[in-house]
Amino acid sequence: MKQDTSPKRWRMTRRGFLIGMGLAGGGLALGAIFGLPAARLALADMFADVINIPSNMPREPQLWFTIQPDGRVTMTMPKVEMGQGVHTALAQIAAEELGVSWEQMQVVQSSSLGPVADGAGTSASYSVISLFPLLREMAATLREMLRTAGADQLGIAPAQTRIEQGFVVDADQPARRISFAELVAQPRNWETPTEAAPLTPPERWQIIGQPVPRLDLPAKIRGEAVYGYDARIEGMLYGAVARPPRLGAKLRRAAAGTARNRPGVVEVVIRDGFAGVVAESRLTAYAALNDLELDWELPPPFNLAELQARLAAQAGSGTVIQRQGDAAAALRGAGVIEATYQTPLAAHANLEPQAALVDVQPDRVRAWVSTQSPVQVARTIAEVIGRKPETVEVTPTYLGGGFGRKVTTTVATEAALLSAAVGRPVHVGWTRTEEFRYGYLRPPTYATFRATLTDDGRIAALVQHHVSGNVLFDLFPPPLRWLFGSDFGGWRGARLIYDIPNLEVKAQTVDLPVPTGPWRGLGLLANVFAVESFIDELAVAAGSDPLDFRLRHLPDTATGNRFRAALEAVAAMAGWYDQPPPGRARGIACSIDAGTIAAHVAEVGLVEGRLRVYRVWAAVDPGVAINPDGLAAQTEGGIMMGLSAALFEQITIADGRIEAGNFDRYPLLTIADAPEVFVQILRSGDQPFGGGEPPMGPIAAAVANALARLTGERRRQWPLV
């Protein structure tokens, strides 16, 4: 197996089927009828903010829920928990419709072979969006099945009962009741109703929308939670894999050298493009790598400046992803305002690096992996070691941070190869240096803007050319890359939400000599930084207050009204029209992602000439928040992560090698630099939208806008400090 750190190629999954067949087929048809540019624009409209995600997950309640003898309800969870609180949110949805108390709920993680395994994985802030209707349906169906059984036992009609904290109760004689546990303990021919079960109306919700305690916290507080790095089974060994000395280098030849002579070394494994060591301890395995004889084919070296130049050279070309009117014609006159924004390569910097434990046996393969995509990882393991997919079971552990880095998990295939060679379980846990230098990174971006204003200070025309490295394209087969024209993960957040009569946005995806892929929010943070910074520049040119300028340009639509409410709410929170403390200034920005609208105000100052962010106010409209505490935590965490990226983070390259090997060369936001954060959650409906990534969208732009108001100078490139 050749060593490959790039995201693995797209495969057919449930939701992938929608992309690969429905959209590809529909897109090809559009291309034939209307032409490729029109088809690409239609696809961009479709993918601009996906909030209705079809699911063909199983619709048998017994596959999702188990009633325990003590009355607790165990829910099998298809999504993985990586600190975002998704297990709690999804269990709240189920508990609401089941009619049980929150204290009765518990969850168990599904494996890749489990009855509710989800081939889509856990990413893109779509977990709650995609499962909300399905979970309500399944839980309500089970509730009605239990109601019918309880009514039979009580000798009354189902209409004469009510459901109360896991009991079927005689509404006329509440003392007459029977528990769910008693009902399932009795022999019965359980039949799923053919008619849809009634759903609990939002005005009667008692668990949805409440800040219930997190289900995952007790185990984490007690130190009982198992992460990928913690996974252990009897008889396991440890593995380490040889890494290239330069980006893009290929292993031409490898030999064991003296590695087998080192005490504690069990085996040296060499295959095409792969060399690894299995040992009794992790330290021994890594030490033995130095004993191998390795011959690498080195590509020409390159540096960061060359990479940035490659992006800049593409500005102006690309695929149209948004169009209104004739922007090019409207920009032919004088008075054009121009600006260019850039963001650098960045690491994910997960608290937990890549880790996997794999046990390859003759009849089956078991794996415990810190992954966002257990089904995909199981398929990849099966392919790499030549097994049937149905014999490979991947159980996802808790994740010490995902952020898109664990959508694909190279470490699992490494552990599988080593385990297959020795016939014993092998654990591979990447070091921090490996995580920085041999995974994939957030791609750099390069965005140019041109615009003109009317005499009364409105935007007359605007053109954006967006250039990015790959985010999701490496997951797609060539036909889909050709069809889309540009990586919709890369331009996530680049489309404008304002009412502009002449508007054109182009996106160009560039292949780079550095492996790049999904990062939290995909392109959201970088692209909103560019868009909302330029909107502020136009407000200054128009002589308008930045908040008023945005409000004037919002469309008169449901989405526009949601933006207006969020902007007005955050402005009120921050006292936008009041003077900030001396030596400080405030900036504002907003965005939409996965259906959720976020608006931020940042208050900044300079301390000995260095930027300091003092306070951040955030108004977030997720439709309805399943767990307000969870969403507030995601908002606070997203703001901190976005600030860290904008203020400090940058991967540098010299002589074809990533320079950072640990946090001494890759500074992050610390507690000393963290601002106060104030969050207000808005409700605009009864459908929940995404919460893991959308709240971070505006923060970099809000800070940059505040800094420009403070100093009179615009910084258009990260790091801002």
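Worth saying up front: this structure is predicted, and the values here are computed from it rather than measured. (Residues numbered from 1 in each chain as written. Predicted model: local features only at pLDDT ≥ 70, side-chain atom pairs only at ≥ 80, totals over all residues. Heavy atoms only, no water.)

1. Digging into the nonpolar core
Considering soluble globular proteins, one finds that nonpolar side chains tend to be buried as a cluster.
Okay, so step 1: Counting 87 residues, the largest nonpolar core has Leu 462, Leu 496, Leu 647, Val 703, Trp 718 and Leu 720 as its most contacted members.
Okay, so step 2: Among the elements that line this core, the one with the most residues is helix α15 (residues 524-542), at nine residues.
Okay, so step 3: Excluding residues within four positions of it along the chain, Leu 462 makes contact with Ala 327, Phe 449, Arg 450, Ala 451, Leu 496, Ile 500, Asn 502, Leu 503, Glu 504, Phe 534 and Leu 538.
Okay, so step 4: Residues Leu 90, Ile 93, Met 105 and Val 168 belong to the second largest nonpolar core, which totals 44 residues. (Core = buried A, V, L, I, M, F, W, Y, C linked by side-chain atoms within 4.5 Å. Buried < 20%, exposed > 50% of the residue type's maximum accessible area, 1.4 Å probe, protein only. Helix = DSSP H or I, 4+ residues; strand = E, 2+ residues; numbered from the N terminus. Contact = heavy atoms within 4.5 Å.)

2. Let's talk about the packing of helix α18 (residues 628-647) against helix α19 (residues 699-711)
Okay, so step 1: Where α18 meets α19, the axes come as close as 8 Å, and the angle between the chain directions of the two elements is 55°. Relative to α19, the element α18 is oriented oblique. For α18 against α19, the interelement crossing comes out right-handed. Each of Ile 639, Gly 642, Leu 643, Ala 646 and Leu 647 in α18 lies in contact with α19, whose residues at this interface are Ile 699, Ala 700 and Val 703.
Okay, so step 2: Here the residues of the contact of α18 with α19 sort into seven nonpolar, one polar and no charged. (Axes fitted to C-alpha atoms, helices over the stretch in contact; angles between N-to-C directions. Parallel < 35°, antiparallel > 145°, perpendicular 65-115°, else oblique. Left-handed = near helix turned anticlockwise from the far one by under 90°. Nonpolar A, V, L, I, M, F, W, Y, C, P; charged D, E, K, R; others polar.)

3. Side note on the pattern of salt bridges
Okay, so step 1: Within this structure, the stated rule accounts for 41 salt bridges.
Okay, so step 2: The partner of Arg 222 in a salt bridge is Glu 224, and the shortest N-O contact between them spans 3.1 Å.
Okay, so step 3: According to the relative accessible area criterion, Arg 222 is exposed, its value standing at 55%.
Okay, so step 4: Here the salt bridges share partners, and the residues they tie into one network are Glu 97, Arg 136, Arg 143, Glu 144 and Arg 147. (Salt bridge = Lys/Arg side-chain N within 4 Å of Asp/Glu carboxyl O.)

4. Let's talk about the environment of Ala 706
Okay, so step 1: As for its position among the elements, Ala 706 is in helix α19.
Okay, so step 2: By relative accessible area, which is 0% here, Ala 706 ends up buried.
Okay, so step 3: Spatially, the C-alpha atom of Ala 706 lies 5.4 Å from that of Ala 585, the residues being 121 residues apart in sequence.
Okay, so step 4: Residue contacts for Ala 706: discarding those within four places in its chain leaves Ala 585, Arg 586, Gly 587, Ala 602 and Val 604.

5. Examining the pairing of strand β22 (residues 596-607)
Okay, so step 1: Within β22, ten of the twelve residues are buried, leaving the element largely enclosed by the surrounding structure.
Okay, so step 2: Pairing of strand β21 (residues 584-593) with β22 involves ten bridges; the strand directions are antiparallel. Counterpart to Asp 593 in the pairing with β22 is Thr 596.
Okay, so step 3: Here β21 folds back onto β22, and the loop between the two strands holds two residues, one of which, Ala 594, carries a positive phi near 50°.
Okay, so step 4: In this structure, β22 lies alongside strand β23 (residues 610-621), joined through eleven bridges in antiparallel fashion. Within the sheet, the bridge partner assigned to Ala 598 lies in β23 and is Val 620. (Pairing = 2+ DSSP bridges.)

6. A look at the domain arrangement of the chain
Okay, so step 1: Per the domain assignment, the segments of the chain are domain 1 (59-220), domain 2 (235-296 + 366-428) and domain 3 (313-344 + 439-709).
Okay, so step 2: Placing the centre of domain 2 and that of domain 3 at their C-alpha centroids yields a distance of 38 Å.
Okay, so step 3: Contacts between domain 2 and domain 3 engage nine residues on the former and 15 residues on the latter.
Okay, so step 4: Across the domain 2 to domain 3 interface the summed buried area is about 910 Å²; carbon plus sulfur atoms make up 62%.
Okay, so step 5: Three residues stand out in domain 2 for area buried against domain 3, namely Leu 247, Phe 403 and Arg 405, and they jointly supply 62% of the buried area on that side.
Okay, so step 6: As a salt-bridge pair, Arg 246 and Asp 655 come within 3.8 Å of each other at their nearest N and O atoms.
Okay, so step 7: If you look at where domain 2 meets domain 3, you find five residue pairs in polar contact (both at pLDDT 80 or more).
Okay, so step 8: Class assignment of the residues belonging to the side of domain 2 that touches domain 3 gives a composition of four nonpolar, two polar and three charged. (Domains from an automatic or database assignment. Buried area = accessible area lost by both parts, 1.4 Å probe. Polar contact = N/O pair within 3.5 Å; in protein donor to acceptor, adjacent residues only side chain to side chain.)

7. Re the UniProt feature "domain: Aldehyde oxidase/xanthine dehydrogenase a/b hammerhead" (unreviewed entry) in the chain
Okay, so step 1: When the UniProt feature table is mapped onto this chain, "domain: Aldehyde oxidase/xanthine dehydrogenase a/b hammerhead" (unreviewed entry) is found at residues 222-300.
Okay, so step 2: In residues 222-300, helix accounts for 10% and strand for 37%; the two terminal C-alpha atoms are 50 Å from one another. (UniProt positions renumbered as here; feature names shortened; annotations may be inferred.)

8. Considerations on unusual backbone geometry
In most cases, non-glycine residues show a negative phi, while peptide bonds are predominantly trans.
Okay, so step 1: Residues Trp 718 and Pro 719 are joined by a peptide bond in cis, for which omega reads -10°.
Okay, so step 2: One non-glycine residue with positive phi stands out, namely Ala 349, at about 55°.
Okay, so step 3: With respect to the helices, strands and loops of the structure, Ala 349 is situated in the loop between β13 (337-343) and β14 (355-360).
Okay, so step 4: The residue Leu 522 is not glycine, and still its phi comes out positive at about 55°.
Okay, so step 5: With respect to the element layout, Leu 522 can be found in the loop between β20 (502-510) and α15.

9. Comments concerning the packing of helix α4 (residues 86-98) against helix α5 (residues 127-154)
Okay, so step 1: Between α4 and α5, the shortest axis-to-axis distance is 7 Å and the interhelical angle comes to 30°. The crossing of α4 and α5 is right-handed. Packed against α4, whose contacting residues are Val 86, Ala 89, Leu 90, Ile 93, Ala 94, Glu 97 and Leu 98, the element α5 presents Ser 127, Val 128, Leu 131, Phe 132, Leu 135, Arg 136, Ala 139, Ala 140, Leu 142 and Arg 143 at the interface.
Okay, so step 2: Split into classes, the residues belonging to the contact of α4 with α5 amount to 13 nonpolar, one polar and three charged.

10. Digging into the environment of Pro 719
Okay, so step 1: Note that Pro 719 resides in the segment after α19.
Okay, so step 2: What makes Pro 719 partly exposed here is its relative accessible area of 23%.
Okay, so step 3: Each C-alpha atom, one on Pro 719 and one on Thr 343, is 7.8 Å from the other, the two residues being 376 residues apart in sequence.
Okay, so step 4: With near-sequence residues (within four places) excluded, Pro 719 lies in contact with Ala 646, Leu 647, Phe 648, Glu 649 and Gln 650.

11. Overview of the sheet that holds strand β3 (residues 105-109)
Okay, so step 1: Across the sheet, which stays open at both edges, the three strands sit in the order β1-β2-β3 with mixed pairing between neighbours. Of all strands in the sheet, those bounded by a partner on one side alone are β1 (65-67) and β3. The average angle at which neighbouring strand axes cross in this sheet is 25°, direction not considered.
Okay, so step 2: Pairing geometry for β1 and strand β2 (residues 73-77), over three bridges, is antiparallel. Bridge pairing links Thr 66 to Thr 74 in β2.

12. What about the sheet that holds strand β17 (residues 426-429)?
Okay, so step 1: Taken in spatial order, the seven strands of this open sheet run β9-β10-β7-β17-β14-β15-β16, and their pairing is mixed. Since the sheet does not close on itself, it has two edges, and those belong to β9 (265-271) and β16 (392-396), each with one partner. Within this sheet the neighbouring strands show an average axis-to-axis angle of 20°, counted without direction.
Okay, so step 2: Of the strand pairs in this sheet, β9 and strand β10 (residues 274-279) are connected by six bridges, and their pairing is antiparallel.

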